[in-house]
Amino acid sequence: MPAIVPADPTALPRLDAADGARTRPVVQIADAPSFLEGEGFKVRRATAGIDLASADPFLMLDHMGAVEYLPGEAKGAPDHPHRGFETVTYMIDGKMRHLDSYGGGGVITDGATQWMTAGSGVVHSEMPTQDLLDAGGLFHGFQLWVNLPAAQKWADPRYQDLEANQVALAATDDAGAVLRLIAGDLAGVTGPGDTRTPIVYGHATVAPGARLRTAWRADFNALAYVVSGRGSVGSERRPIAEGQIAVFGAGDAIELAADASQDARHAAGMDVLLLGGLPIREQIAWYGPFVMNTRQEIIGAVEDYQAGRMGQIPPDLKRS
């Protein structure tokens, strides 16, 4: 871990360190509690302990694993509906197979990302591949839910398959930190994900003792979730460790650093997900897999799903 490790970080484009810009302070650090999802796989919900107003347009970030499955142990999320938002599944290690009622799908593995715009409504499944189920193995990934504004909640469903080699790579000036940008524009780097809501989504590895400082849009919020390792965040260098999320305050740049001393299993340093977006600031009505603006729209979503109007996954896809 991670799946994408550049052979020579010194050859990568450099992030704008925004020297002289106002560094964002940290307004909150929260632990990610554990939940069971789908058929019973364990996740850490990074956003459960923070005010969702400070995460807008993000609704939820789940950390899946890392777990070493024995043969027959791997679990997934069978057929279920969504409406009104997007799901973004990023796999660092292991495999997951996505299928949906609009014919989208594929295997997500080793640094790849699946971006599904549920929009007006879709039924999909996320299940372990047969080889992972048969042989077991490492499973480690994330699912991010991104809200859609009212004007886009009824968009046609869409699926984006972002392979690992499409991720945009950049490094800090001393190459002590490497960023993999999945979506958005950050300090002169553009990720491959085509977003309906303006966001930034990236995965950084900060070497022991190194620092990552980068320009950040002042009108975006900013979050940092520690995947592994430990370090500090913000202008005041507050301590943070694996399974914790930081919420940043106002400013034009974010800063984080990895402790010089790391556990043996985190010898590469601290891995962090960086997220930011332009707040939608609309009323939310949320019921399970549906995120709309009013209670009546939620009732409509439940009725449409129960009546089969969100479709079903074609049986031939399940057999392929």
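Residues numbered from 1 in each chain as written. Predicted model: local features only at pLDDT ≥ 70, side-chain atom pairs only at ≥ 80, totals over all residues. Heavy atoms only, no water.

The next subject is the overall build of the protein. Counting its regular elements, the protein contains three helices and 26 strands. Against the globule reference of 20 Å for 320 residues, the protein gives a C-alpha radius of gyration of 19 Å, in line with a compact fold. Its C-alpha atoms put the protein at 55 × 45 × 35 Å along the principal axes. Looking at the protein residue by residue over its 320 residues, the buried ones come to 57%. Counted over contacts in the protein with a minimum sequence separation of 6, partners at least 24 positions apart contribute 74%. Surface exposure of the protein reaches about 12,900 Å², of which carbon and sulfur atoms provide 51%. Across the protein, the mean location of the 26 positive side-chain charges is 3 Å away from that of the 39 negative side-chain charges. (Helix = DSSP H or I, 4+ residues; strand = E, 2+ residues; numbered from the N terminus. Rg over C-alpha atoms; globule rule 2.2 N^0.38 Å. Buried < 20%, exposed > 50% of the residue type's maximum accessible area, 1.4 Å probe, protein only. Contact = heavy atoms within 4.5 Å. Areas by Shrake-Rupley, 256 points an atom, 1.4 Å probe, with all protein chains shown as cover. Lys, Arg positive; Asp, Glu negative; His and termini not counted. Charge placed at Lys NZ, Arg CZ, Asp CG, Glu CD.)

Take the side chain of Q244 next. Mapped onto the fold, Q244 is located in strand 22 (residues 244–248). Contact partners of Q244, with chain neighbours within four places excluded, come to I29, A30, D31, A224, Y225 and V226.

Next up on the list: unusual backbone geometry. Here the residue pair D56 and P57 is connected by a cis peptide bond, since its omega of 20 degrees sits within 30 degrees of zero. Here P57 lies in the loop between strand 3 (41–45) and strand 4 (58–69). With an omega of 5 degrees, the peptide bond running from G65 to A66 counts as cis. For A66, the location among the structural elements is in strand 4.

A separate point is the confidence of the model for the protein. Per-residue confidence for the protein gives a mean pLDDT of 91; residues scoring 70 or more make up 97%. Ranking the elements of the protein by mean pLDDT puts helix 3 (residues 315–319) last with 62 and strand 26 (residues 290–292) first with 98. (pLDDT = per-residue confidence, 0-100.)

On to the packing of aromatic side chains. The full count for this structure, using the stated rule, is four aromatic pairs. Ring plane angle 50 degrees and centroid distance 5.8 Å describe the contact between Y69 and F139, whose orientation is recorded as tilted. Of this pair, Y69 sits in strand 4 while F139 sits in strand 11 (residues 137–147), and the two are 70 residues apart along the sequence. Each of the two residues, Y69 as well as F139, counts as buried. Through a chain of ring-to-ring contacts, the aromatic side chains of F85, W145 and W286 assemble into a single cluster. The residue whose ring lies beneath R45 is F35, and the NZ or CZ to ring-centre distance is 4.9 Å. (Phe/Tyr/Trp six-rings, centres within 6.5 Å; stacked < 30°, edge-to-face > 60°. Lys NZ or Arg CZ within 6 Å of the ring centre and 35° of its normal.)

Moving on to the pairing of strand 7 (residues 95–100). Relative to strand 8 (residues 105–109), strand 7 runs antiparallel, the two sharing five bridges. Across the sheet, residue K95 finds its bridge partner in strand 8, namely T109. Bridge analysis of strand 7 against strand 10 (residues 122–127) gives four bridges, and the strand direction is antiparallel. Directly across from H98, in strand 10, lies its bridge partner E126. (Pairing = 2+ DSSP bridges.)

As enumerated under the stated definition, the model contains twelve salt bridges in all. R217 is the partner of D219 in a salt bridge, and the nearest nitrogen-oxygen pair spans 2.7 Å. The partly exposed category is assigned to R217, whose relative accessible area is 41%. Between D304 and R309 there is a salt bridge; the shortest N-O distance is 2.8 Å. Exposure remark for D304: the relative accessible area of 17% places this residue in the buried category. Several salt bridges share partner residues, and in doing so they unite R211, R213, R237 and E255 into one network. (Salt bridge = Lys/Arg side-chain N within 4 Å of Asp/Glu carboxyl O.)

In this structure, strand 20 (residues 230–233) lies alongside strand 21 (residues 238–241), joined through four bridges in antiparallel fashion. Looking at the pairing, V233 lines up with R238 of strand 21. Across three bridges, strand 20 lies against strand 23 (residues 253–258) in antiparallel orientation. By the bridge assignment, G231 is partnered in strand 23 with A258.

Before going further, it helps to examine the sheet that holds strand 23. Ordered in space as 18-23-20-21, the four strands form an open sheet in which the pairing is antiparallel. Two strands lie at the open edges of the sheet, namely strand 18 (211–215) and strand 21, each paired on one side alone. When the angles between neighbouring strand axes are averaged without regard to direction, this sheet yields 25 degrees. (Axes fitted to C-alpha atoms, helices over the stretch in contact; angles between N-to-C directions.)

This part takes up the side chain of R180. With respect to the element layout, R180 can be found in strand 14 (residues 177–183). No salt bridge is formed by the buried R180; the nearest opposite charge belongs to D271, separated by 4.5 Å. Among the polar contacts listed, one links the side chain of R180 to the backbone oxygen of I4, at a separation of 2.8 Å. At 3.1 Å, the side chain of R180 and the side chain of T205 are in polar contact. (Polar contact = N/O pair within 3.5 Å; in protein donor to acceptor, adjacent residues only side chain to side chain.)

The next subject is the environment of G191. Along the polypeptide, G191 turns up in the loop between strand 16 (189–190) and strand 17 (199–206). Spatially, the C-alpha atoms of G191 and Q166 are 8.2 Å apart, while their sequence positions differ by 25 residues. Apart from the residues lying within four places of it in its own chain, the contact partners of G191 are A168, L181, I182, A183 and G184.

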